[in-house]
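One letter stands for each residue in the lines below.
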Amino acid sequence: MSWSKPMPAEPVVAVVGATGAVGTEMMLVREQRGFPIERLVALSSARSAGKTLFFNGAPIRVEELTAESFEGVDLALFSAGGSVSEAMAGHATAAGAVVIDNSSAFRMDPEVPLVVPEVNPEDIAQHNGIIANPNCSTIQMLVALNPLRNAAGIERIDIATYQSVSGAGRTHMEELGS
């Protein structure tokens, strides 16, 4: 079964983990590329609630993430870790939002499409409210290898990655810099 609710031309977008390194970048990219949105909702933990972020030059108050945070939200971008995604994605979809999850929570779930838009965009149509994406190094590799696979085929790839401290979040990035 696939999702039947159409996405509005100017959706209400929530960023879960808005004060983290990836959440901040998600908002920045949306702003830089001029993606049409009706309203942006910044969601984070209780300790970040009340902070002020800026989007398109306007201040946005960070709200505490709760089960009720998704009322009226069309698209929820999750980047607050697997445990948060597991706890909150169902609330988002129950409220009618489509979740795009950046954690590892749903990557191996056979009911959730694992999508790299430059490689398998057609799989987005098969979602039931949640769409997962692979980790950052896998996405970059697949974007580069997909044309080779299409042209000549690939039978096997053996990979080793050495992950950046940014994957552990803003606090660890600041600690490394000090």
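All of these numbers come straight from a predicted model, not from anything done at the bench. (Residues numbered from 1 in each chain as written. Predicted model: local features only at pLDDT ≥ 70, side-chain atom pairs only at ≥ 80, totals over all residues. Heavy atoms only, no water.)

**Q** Break down the overall build of the chain for me, citing the residues and quoting the values.
**A** Along the backbone of the chain there are 4 helices and 8 strands. Ordered by position from N to C terminus, the α and β elements of the chain give β-α-β-β-β-β-β-α-β-β-α-α. Here the chain has a C-alpha radius of gyration of 17 Å; the compact-globule value for 178 residues is 16 Å, and the two agree. The C-alpha extent of the chain, read off along each of the three principal axes, is 50 × 50 × 30 Å. Here the chain holds 178 residues, and 34% of them are scored as buried. (Helix = DSSP H or I, 4+ residues; strand = E, 2+ residues; numbered from the N terminus. Rg over C-alpha atoms; globule rule 2.2 N^0.38 Å. Buried < 20%, exposed > 50% of the residue type's maximum accessible area, 1.4 Å probe, protein only.)

**Q** Any details on the nonpolar core? Residues and values, ideally.
**A** Grouped together as the largest cluster of nonpolar side chains are 19 residues, with contacts concentrated most on L43, F70, V73, A76, F78, A92 and V99. When residues of this core are traced back to their parent elements, those giving at least two are β1 (12–16), β2 (39–44), β6 (75–78), α2 (82–94) and β8 (130–132). Here V73 is in contact with K5, V12, A14, G96 and A97, once residues within four sequence places are set aside. (Core = buried A, V, L, I, M, F, W, Y, C linked by side-chain atoms within 4.5 Å. Contact = heavy atoms within 4.5 Å.)

**Q** Describe in detail the pattern of salt bridges, supporting the description with residues and values.
**A** Applying the stated criterion to the full structure yields 2 salt bridges. Residues D74 and K5 are paired through a salt bridge, measuring 3.6 Å at the closest nitrogen-oxygen approach. Pair noted here: D74 is in the loop between β5 (63–64) and β6 and K5 is in the segment before β1, with a separation of 69 residues, a long-range link. Among the residues examined, K5 registers a relative accessible area of 38% and is labelled partly exposed. Across the pair R156 and D158 runs a salt bridge, and its minimum N-O distance is 3.1 Å. Overall, R156 belongs to the exposed group, its relative accessible area being 66%. Judged by relative accessible area, which is 59%, D158 ranks as exposed. (Salt bridge = Lys/Arg side-chain N within 4 Å of Asp/Glu carboxyl O.)

**Q** Run through the sheet that holds β2, naming residues and quoting values.
**A** In space, the 6 strands of this open sheet follow the order β5-β2-β1-β6-β7-β8, with parallel pairing throughout. Only two strands of the sheet have a single neighbouring strand rather than two, namely β5 and β8. For β2 and β5, the ladder comprises 2 bridges, and the chain directions are parallel. Residue pairing across strands places S44 opposite E64, the latter belonging to β5. (Pairing = 2+ DSSP bridges.)

**Q** Can you explain the pairing of strand β3 (residues 52–55)? Please cite residues and give values.
**A** Side chains L53 and F55 of β3 all project onto a buried face; the interleaved residues T52 and F54 project onto a face where none is buried. As judged from the 4 bridges shared by β3 and strand β4 (residues 58–61), these two strands associate in the antiparallel manner. In the strand pairing of β4, F55 is matched with A58. Linking β3 to β4, which pair antiparallel, is a turn of 2 residues; within it N56 sits at a positive phi near 55 degrees.

**Q** Break down helix α3 (residues 136–152) for me, citing the residues and quoting the values.
**A** With 17 residues, α3 ought to run about 24 Å at 1.5 Å a step, and its terminal C-alpha atoms sit 25 Å apart, in line with that. Most pronounced at L145, the bend in α3 amounts to some 35 degrees, and the proline P147 follows within four residues. Note on α3: the residue one or two positions beyond its end, G153, has a positive phi of about 85 degrees. (Expected span 1.5 Å × (residues − 1). Bend = angle between axes of the 7 residues up to and from the residue.)

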